[in-house]
Protein chains: 2
Amino acid sequence: MRKIDTRDFRRATRTTSREINRRIVLNLVRDHQPVSRADIARRMSIGRGVVTSIIQDLIDEGTIYEGATGHAARGRRPTMLYVRTQDRLVVAVDIRFSRTFVMLSDFAGTQIALESFETAFDPHALVVDLTSRIRRLLDAHGARGRCEGVGLVVPGMVERLTGRVLLAPQLGWRDVDVRDALAKGVGLPVQIENAPMACALAQMWLGQRGNTTDNFVYVTVSDGVGAGIVLNGQLIRGETNSAGEFGHIPLDTNGPQCLCGARGCWEAYTSNQATLSRYLGRELVPLWGGAVPHPAGGLTIEDLISRARAGDARASEAIVATGHYLGVGIGGIVNALNPSQVFLGGEITGAWDMIQPAVRAGILERALTPAGRKTPVVPEQMGGFPRLRGATALVAAPHFAAPRVA
Amino acid sequence: MRKIDTRDFRRATRTTSREINRRIVLNLVRDHQPVSRADIARRMSIGRGVVTSIIQDLIDEGTIYEGATGHAARGRRPTMLYVRTQDRLVVAVDIRFSRTFVMLSDFAGTQIALESFETAFDPHALVVDLTSRIRRLLDAHGARGRCEGVGLVVPGMVERLTGRVLLAPQLGWRDVDVRDALAKGVGLPVQIENAPMACALAQMWLGQRGNTTDNFVYVTVSDGVGAGIVLNGQLIRGETNSAGEFGHIPLDTNGPQCLCGARGCWEAYTSNQATLSRYLGRELVPLWGGAVPHPAGGLTIEDLISRARAGDARASEAIVATGHYLGVGIGGIVNALNPSQVFLGGEITGAWDMIQPAVRAGILERALTPAGRKTPVVPEQMGGFPRLRGATALVAAPHFAAPRVA
DNA sequence: CGATATTAGTTCGACAGTCGAACAAAATTG
DNA sequence: CAATTTTGTTCGACTGTCGAACTAATATCG
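Residues numbered from 1 in each chain as written. Chains lettered and ligands numbered in written order. Predicted model: local features only at pLDDT ≥ 70, side-chain atom pairs only at ≥ 80, totals over all residues.

Colleague: Whenever I open this one, the overall build of chain A confuses me. Can you help?
Modeller: Assigned secondary structure in chain A consists of 13 helices and 15 strands. In terms of overall dimensions, chain A is globule-like: its C-alpha atoms have a radius of gyration of 23 Å, near the 22 Å expected for 406 residues. Relative to its 406 residues, chain A shows a buried fraction of 49%. When contacts within chain A are restricted to residue pairs at least 6 apart in sequence, long-range pairs at least 24 apart make up 61% of them. (Helix = DSSP H or I, 4+ residues; strand = E, 2+ residues; numbered from the N terminus. Rg over C-alpha atoms; globule rule 2.2 N^0.38 Å. Buried ≥ 20, exposed ≤ 12 C-beta atoms within 10 Å, placed from the backbone. Contact = placed C-beta atoms within 7 Å.)

As structure tokens, then:
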């Protein structure tokens, strides 16, 4: 039940009904391919005549295509329909602290090529570097005409309207334009988004079928702890595109020093650095204090997991403690937003088997309702490149989303 | 950008365009009345002919009516249009710990009659009592045929589908049917919702024009602390209608004992009982321990505010401390959801002038972004009966909401 | 093998809207 | 009183859904 904003609405024209039904048909093909016209008509409780006409539109437009005829027990065989994704390409870019990843993928999120290089901290230098690399990548795969855009994921705050990066502490960026500069360089439209929101988009649009609902939170744990929120099938961006900053919800205002200046933030208990610091018995070291940070003397969270698996009890303890605190925070999120499930991404999911019981115990401590206590927590499968898939979704999703109306 | 749920969608029929435009016209009349057909046509960038036809529909249906002709500098005078709200009535019911309030109001939320009586704790007895009182109220105002429904607000968890109250600790209710029993009794449709969500609905649908956005959080502070969340013009209910339970987000896991069993919940710092306990130097006493609770020996939060105004420094301190903790929690909400504003309801807003600086200071401590730090906090004006207005909105809003499509 | 039944997909006229232009109505201005 | 301006209505063209009739293709049965 949405309220109509009388200062910003879209009225229906004589083609609105068709636009709506066209999108529904497209999504039905996407979710049930291979599928026949007659089957779509049944699923929509609509005449087959209308489906014929809509499908013709979509074929002319090039978004779907006819495949081989299927098989039927009796009667005429159906002609199967598919969404055209294989030759509609996207360049996905994930800018991270140490390295930048560039992936060429199709609309379904299938990886075609992947490369990475050291991140240049100067934004201008990075854009120049990226531009030439993307050009080379597209040419190498003869993908110039088939690429529909670039999706760009950054570890920081993005201003939605202008595409500027307002603050990216890990990169030392402050109010920097990357989107428009890159768009100009590669001659393709560029969509930009922060990492947790991109991960949520990836889960919503490219998640495994059946595993995705339209009411979930995607928690990302790495250098920072953030979340992408999806409610009613919509990514929640907030008023200034900064929704989902759960990382600095306090667990204990007398707790460990957080890099944000406050004490006892969720992030100060659960970020990769926090876990490493707990293991090393050190305080967290501010990242953007000036010098380039060298987290935990070269020890990474993956190293820590390896040590734990090799039998280092103190490593295990540090990791399991993080799991417990993750659960406590997730319990709070469950209370606040009552999602149907919570996805968990980040390097720590490599130790999911170790932390799962602690995570669930943490949720039990905090979740108020019986339904909330049962909320499933699903770890990201390793090697899934959620941020890169999110970058792909940034470009592909608008072609499949419900038309805006009223 | 919403994803279409292919298991649950609404396709467009040949009347969908009309339904959409009809709702837009209705809302334009609502927001700009008195308004002429020609003016609506301009605001919608549509031909006047279409408006004529849609307006005729709405007049026939009885949702709007023609008033006197307006004035124009030149040319034919416009006939002004108004939404029919005066003789479309709603019975709003607010069930609270000690008393139950019943209000007869029109669709615009205007109060016609208001009465209250002591809450019977037995659900069945309360329903019987309510039924006869509502019948009497309707008869006394000759409102039988003009009443379109009953809105019921309860202090507890409501199961959306069945209308059952799953848990209302203050009333001692657990899995109780009130909606259907009351509907049967009064012969009218009954809508039920929990208090914070109803307050948010009231703000969204019946808030002062210009003061309301479609991206806000309504925080209610009374015996418990909860919130109603509105994002993208939609009330966020969550998967099992329990979204908005921010009351048990921890501020400090070693903090004061909360009634929920955990320690240091936001509620344990900011509820009316918490404020009173801080003043009295006592621990919180569990409400649903068995015996009927007698909060703080008869001292109420209103009393405390009076004492503070009369110069009781310890009362002031207790209240200002609550304000500070409220700000800290609101800062967390601002980080999590990035609303454009936060509304604050509850008895404590009677001391808004005293707590405002502390609230803002609390937000400053926690809010991460410059935009977030500026998020306005708006106190409920006293005597506004937000819960009762929310009950009205429960019945009235569906007539004005955007049609569900795709 | 041919008639029948069944399912897929197309075509077409009826109906429900929007779109835009022409028209009638009602006011002001010169 | 004529010209002008604005409001509101009417009507034919266009775009869509709706439903029934039609064609196409296949399996089954006597």
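Anyway, onward from the coordinates.
Colleague: Can you help me understand the domain arrangement of chain A in this one?
Modeller: Residue and element names in this part refer to chain A. One can read the domain layout of chain A as domain 1 (16-83), domain 2 (89-201 + 389-399) and domain 3 (208-384). For domain 2 and domain 3, the distance between their C-alpha centres works out to 25 Å. Opposite the 15 residues of domain 2 that make contact, domain 3 presents 17 residues. Only strand S7 (157-158) and helix H6 (195-206) provide two or more residues apiece to the side of domain 2 that touches domain 3. For the side of domain 2 that touches domain 3, the leading source of residues is H6, giving six residues. (Domains from an automatic or database assignment.)

Colleague: Is there a simple way to think about the sheet that holds strand S11 (residues 216-221) of chain B in this case?
Modeller: Through backbone hydrogen bonds, the strands of a sheet pair up, either in parallel or in antiparallel fashion. Spatial ordering of the open sheet is given by S13-S12-S11-S14-S15 (chain B), a layout of five strands whose pairing is mixed. Edge positions in the sheet fall to strand S13 (234-235) and strand S15 (377-379) of chain B, since each of these pairs with one other strand and no more. (Pairing = 2+ DSSP bridges.)

Colleague: Is there a simple way to think about the protein's contact with DNA strand C in this case?
Modeller: Close contacts around DNA strand C come from 29 residues, with A:Thr13, A:Gly49, A:Thr52, A:Gly75 and A:Arg76 the closest. For the surface near DNA strand C, the elements supplying multiple residues, two or more each, are helix H2 (37-44) and helix H3 (48-61) of chain A together with helix H1 (16-32) and helix H3 (48-61) of chain B. Split into classes, the residues belonging to the surface near DNA strand C amount to six nonpolar, 13 polar and 10 charged. (Near = placed C-beta within 6 Å. Nonpolar A, V, L, I, M, F, W, Y, C, P; charged D, E, K, R; others polar.)

Colleague: Sorry if this is basic, but what is going on with helix H8 (residues 272-280) of chain A here?
Modeller: Because an α-helix packs 3.6 residues into every turn, residues spaced three or four apart end up facing the same way. Residues and elements named next belong to chain A. Within H8, eight of the nine residues are buried, leaving the element largely enclosed by the surrounding structure. Listed in full, the buried residues belonging to H8 are Asn272, Gln273, Ala274, Thr275, Leu276, Ser277, Arg278 and Tyr279. Tucked inside the fold, the buried residues of H8 contact strand S11 (216-221), helix H7 (266-270), helix H9 (301-309) and helix H10 (313-337). Gly281 occupies a position one or two residues after H8 and carries a positive phi of about 70°.

Colleague: Help me understand the packing of H2(A) against H3(A), please; the structure alone is not making it clear to me.
Modeller: Think of two packed helices as two axes; the pair is described by the angle between the axes and how far apart they sit. All names here are of chain A. For the pair H2 and H3, the least separation of the axes is 9 Å and the interaxial angle reads 120°. Taken together, H2 and H3 sit at an angle that is classed as oblique. Between H2 and H3 lies a crossing of right-handed hand. Mapping the contact onto sequence places Arg37, Ala38, Ile40 and Ala41 in H2 and Arg48, Val51, Thr52 and Ile55 in H3. Grouping the amino acids of the contact of H2 with H3 by side-chain chemistry returns five nonpolar, one polar and two charged. (Axes fitted to C-alpha atoms, helices over the stretch in contact; angles between N-to-C directions. Parallel < 35°, antiparallel > 145°, perpendicular 65-115°, else oblique. Left-handed = near helix turned anticlockwise from the far one by under 90°.)

Colleague: Honestly, the sheet that holds strand S5 (residues 111-118) of chain A in this entry has me stumped. Any pointers?
Modeller: Residues and elements named next belong to chain A. Taken in spatial order, the five strands make up an open sheet running S5-S4-S3-S6-S10, and their pairing is mixed. A strand with exactly one partner marks an edge of an open sheet, and here the two such strands are S5 and strand S10 (190-194). Averaged over all neighbouring strand pairs, the angle between strand axes comes to 15°, with direction disregarded. Note: strand S3 (residues 89-95) against strand S6 (residues 147-154), five bridges, orientation parallel. Following the sheet pairing, Leu89 is matched in S6 by Cys147. On top of the sheet, helix H4 (residues 123-140) reaches S3, strand S4 (99-106), S5 and S6; it is set at about 30° to S4, its chief contact.

Colleague: Looking at this structure, I do not really get the protein's contact with DNA strand D. What am I missing?
Modeller: DNA strand D sits among 29 residues. The nearest are A:Arg18, B:Thr13, B:Gly49, B:Thr52 and B:Gly75. Looking at the surface near DNA strand D, the elements with two or more residues in it are helix H1 (16-32) and H3 of chain A together with helix H2 (37-44) and H3 of chain B. Here the surface near DNA strand D is built from residues that sort into six nonpolar, 13 polar and 10 charged.

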